[in-house]
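As a plain string of letters, each chain reads:
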Amino acid sequence: MKPFRISLLLCAFLSGSLSVLPKDCETFDRDYIVEGAGIASQDNYLVKVTVSSNNKNLDDSELVTAAVHGVIFRGFVITDNNHTQKPMSSNAQDEVRHLDFYCNFFSKDGTASTFGDIIPGTRQVLKSGKKYKISATANVRKESLRKYLTDAGVIKNLNSIF
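Only a predicted model underlies this, so the values are computations on that prediction, with no experimental measurement involved. (Residues numbered from 1 in each chain as written. Predicted model: local features only at pLDDT ≥ 70, side-chain atom pairs only at ≥ 80, totals over all residues. Heavy atoms only, no water.)

Some details on the pattern of salt bridges
Where we set the bar: Put simply, a salt bridge is a Lys or Arg side-chain nitrogen that is within 4 Å of an Asp or Glu carboxyl oxygen. Where helices and strands are cited, they refer to DSSP runs of H or I of at least four residues and of E of at least two residues respectively, numbered from the N terminus. Only protein chains enter the area calculation, which uses a 1.4 Å probe; residues under 20% of their type maximum are buried, those over 50% are exposed, and those in between are partly exposed.
Tallied over the full model, the rule gives 5 salt bridges. As a salt-bridge pair, Arg141 and Asp117 come within 2.6 Å of each other at their nearest N and O atoms. One end of the pair, Arg141, is in the loop between β7 (131-140) and α5 (142-151); the other, Asp117, is in strand β5 (residues 116-118), and 24 residues separate them in sequence. Judged by its relative accessible area of 23%, Arg141 is partly exposed. Between Asp151 and Lys147 there is a salt bridge; the shortest N-O distance is 2.8 Å. Of this pair, Asp151 and Lys147 are both found in helix α5, 4 residues apart, which corresponds to roughly one turn of the helix.

A look at the packing of aromatic side chains
Applied cut-off: Between the rings of Phe, Tyr and Trp (Trp by its six-membered ring), a pair exists once the centres lie within 6.5 Å; its type follows the angle of the planes, with under 30 degrees stacked, over 60 edge-to-face, and the other angles tilted.
Using the criterion set out here, one finds 12 aromatic pairs in the structure. When the centroid spacing of 5.2 Å and the interplanar angle of 80 degrees are considered together, the rings of Phe101 and Tyr102 count as edge-to-face. The exposure class assigned to Tyr102 is buried, which follows from its relative accessible area of 3%. Centroid distance Tyr102 to Phe105: 6.3 Å. Interplanar angle 75 degrees. Geometry classified as edge-to-face. Pair noted here: Tyr102 and Phe105 are both in helix α4 (residues 99-105), with a separation of 3 residues, about one helical turn. In this structure Phe105 comes out as buried when scored by relative accessible area, which is 2%. Within the aromatic cluster, the residues linked to one another by ring pairs are Phe73, Phe101, Tyr102, Phe105, Phe106, Phe115 and Tyr148.

Some thoughts on the environment of Ile72
Selection rule: Throughout, a residue-residue contact means that at least one pair of heavy atoms, one from each residue, lies within 4.5 Å.
By secondary structure assignment, the location of Ile72 is in helix α2 (residues 60-73). Distance from Ile72 to Glu95, taken between C-alpha atoms, is 9.4 Å for residues 23 residues apart in sequence. Ile72 has contacts with Pro87, Met88, Ser89, Tyr102, Phe105, Phe106, Leu145 and Leu149, leaving out every residue within four places of it along the chain.

Examining the pairing of β7
Heads up, the rule is: When DSSP finds two or more bridges between two strands, those strands count as paired.
Burial runs high along β7: 8 of the 10 residues are buried. Two elements, strand β2 (residues 45-53) and β7, share 9 bridges in a ladder whose sense is antiparallel. Bridge pairing in β7 places Lys48 opposite Thr137. Of the strand pairs in this sheet, β5 and β7 are connected by 3 bridges, and their pairing is antiparallel. What sits directly across from Asp117, in β7, is Asn139. With 5 bridges joining them, strand β6 (residues 124-128) and β7 adopt antiparallel strand pairing. Looking at the pairing, Lys127 lines up with Tyr132 of β7. With antiparallel pairing between neighbouring strands as the criterion, β6 and β7 make up a hairpin whose turn holds 2 residues, including Gly129 at a positive phi of roughly 70 degrees.

Given below as structure tokens:
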């Protein structure tokens, strides 16, 4: 029984000491889905973003931030032609590796929402159980976003691959 208590205390101590991130500076934790929404003009992605929230009056900037996060880290599928758009980040751990940058980038006052716009008239709100599913079509400026992230050193330049 005593070894069990010691191992339990050790686990509790280690789990508490490993969580050194402040609560207001965690990675983007919204529950969302991003999917292709059609053809956009050059240097842009047109995506449909759906965010689950307890609040039905979610701000457009939060929808754009979710769309930008999806473009960077998840990629998306364009259902019309089964085309898959890979995420901008080539490594799934990039968000954790550059946490200081992304903490500021995705914050309420961050610059993530400046890389996209909600298309007027596309916002929909659907109640699903105790949550709301808020969806809208967003235009994400992919080339501006890629240049910004490359200049900041958080994603690799396309030329570095070759």
